[in-house]
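Working through the structure, step by step
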Amino acid sequence: MAFEALIGGIAERGYAVVPGAAPRPLVRALRERAREVHALGGFTQARVGRAEGRAQRQDIRGDRIAWLDPSAPAPAEASLFAWLEQLRTACNRGLMLGLAEIEAHYAIYPPGASYARHRDRFRDDDARVLSCVLYLNENWRAEDGGALQLFPPDAAPLTVHPQGGTLVAFLSADFDHEVLPAKRERMALTGWYRRRALPAC
Ligand code: OGA
Ligand code: MN
């Protein structure tokens, strides 16, 4: 069901927002796992740019992140990867996107942190095809802030509240987006499906 809504939206407009997309127990387990990784010191300040251009710019991006290791997943992460694999094959079947692999990180925005308007592709690397964000927050209210603003190229901007279980997916190449500052801690799991990198020639 959730995958059908997602695929329909991406086919029609290039993006989809699906509340309640992920099973609640999975969302809860991922939230607890993110807290555990955080308590173990596994998060680092996110950076912007790539390679030598990488820099810490909290005015641009204030979240802290922890990459998931697909070769040593915690139980919640193993369930997540199984779910993401179903989503990958459904997208490839329904949208012919040729998605080959996924990279994913947890993100925690402390109160006041934001992420300025950007796209998810790097100038020198166009392997990211589909961006997915699964929110992990309990009982998010509009007044908590922290909305995702998505800017379709030829339609009005869209506001998405980061309520736990909501999944947002959009074509990485086409959509500017931004995270507005939140008044409370904001947690998400962000993943990018990549096409297989072409061998360098
Ligand atoms: C990102 C991003 C959006 C969100 O991590 O690149 O844009 O709503 N996240 O967390
Ligand atoms: Mn982004």
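Here we summarise the structure given alongside this text.

One open sheet holds the seven strands; their spatial order is E1-E9-E6-E11-E4-E3-E2, and the pairing between them is antiparallel. Edge positions in the open sheet fall to strand E1 (15–18) and strand E2 (44–45), since each of these has one partner strand only. Packing of helix H2 (residues 24–39) onto the sheet brings it into contact with strand E3 (64–67), strand E4 (101–109), strand E6 (128–135) and strand E11 (186–194), and relative to E4 it is tilted by some 70 degrees. Contacting E4, E6, strand E9 (167–171) and E11, helix H3 (residues 75–95) crosses the sheet at an angle of about 45 degrees to E11.

The subject of this paragraph is the coordination of the manganese ion (ligand 2). His118 (NE2), Asp120 (OD) and His177 (NE2) make up the full set of protein donors to the manganese ion (ligand 2), lying at 2.1 to 2.2 Å. One chain supplies every donor to the manganese ion (ligand 2), and in sequence these donors are spaced H-x1-D-x56-H. Judged by its relative accessible area of 13%, His118 is buried.

A few words now on the packing of aromatic side chains. For any pair of aromatic rings, the description rests on two quantities: the centre-to-centre distance and the angle between the ring planes. Taken as a whole, this structure holds five aromatic pairs when the rule is applied. Judged by centre distance (5.7 Å) and plane angle (50 degrees), the ring pair of Phe3 and Trp83 falls under tilted. With Phe3 in helix H1 (residues 2–13) and Trp83 in helix H3, the pair connects residues that are 80 residues apart, well separated along the chain. Each member of the pair, Phe3 as well as Trp83, is classed as buried. Centre to centre, the rings of Tyr15 and Phe175 are 5.7 Å apart; their planes meet at 80 degrees, and the pair counts as edge-to-face. Taken together, the positions of Tyr15 in strand E1 and Phe175 in the loop between E9 and strand E10 (176–179) put the pair 160 residues apart, joining distant regions of the chain. Within the aromatic cluster, the residues linked to one another by ring pairs are Tyr15, Phe170 and Phe175. When the ring centre of Trp192 is taken as origin, the NZ or CZ atom of Arg128, which lies over that ring, is 3.9 Å away. The aromatic ring of Tyr109 is capped on one face by Arg186, whose charged end is 4.9 Å from the ring centroid.

Definitions and limits used
- Residues numbered from 1 in each chain as written.
- Chains lettered and ligands numbered in written order.
- Predicted model: local features only at pLDDT ≥ 70, side-chain atom pairs only at ≥ 80, totals over all residues.
- Heavy atoms only, no water.
- Pairing = 2+ DSSP bridges.
- Helix = DSSP H or I, 4+ residues; strand = E, 2+ residues; numbered from the N terminus.
- Contact = heavy atoms within 4.5 Å.
- Axes fitted to C-alpha atoms, helices over the stretch in contact; angles between N-to-C directions.
- Donors = N, O, S within 2.8 Å, 3.2 Å for Na, K, Ca; no water.
- Buried < 20%, exposed > 50% of the residue type's maximum accessible area, 1.4 Å probe, protein only.
- Phe/Tyr/Trp six-rings, centres within 6.5 Å; stacked < 30°, edge-to-face > 60°.
- Lys NZ or Arg CZ within 6 Å of the ring centre and 35° of its normal.

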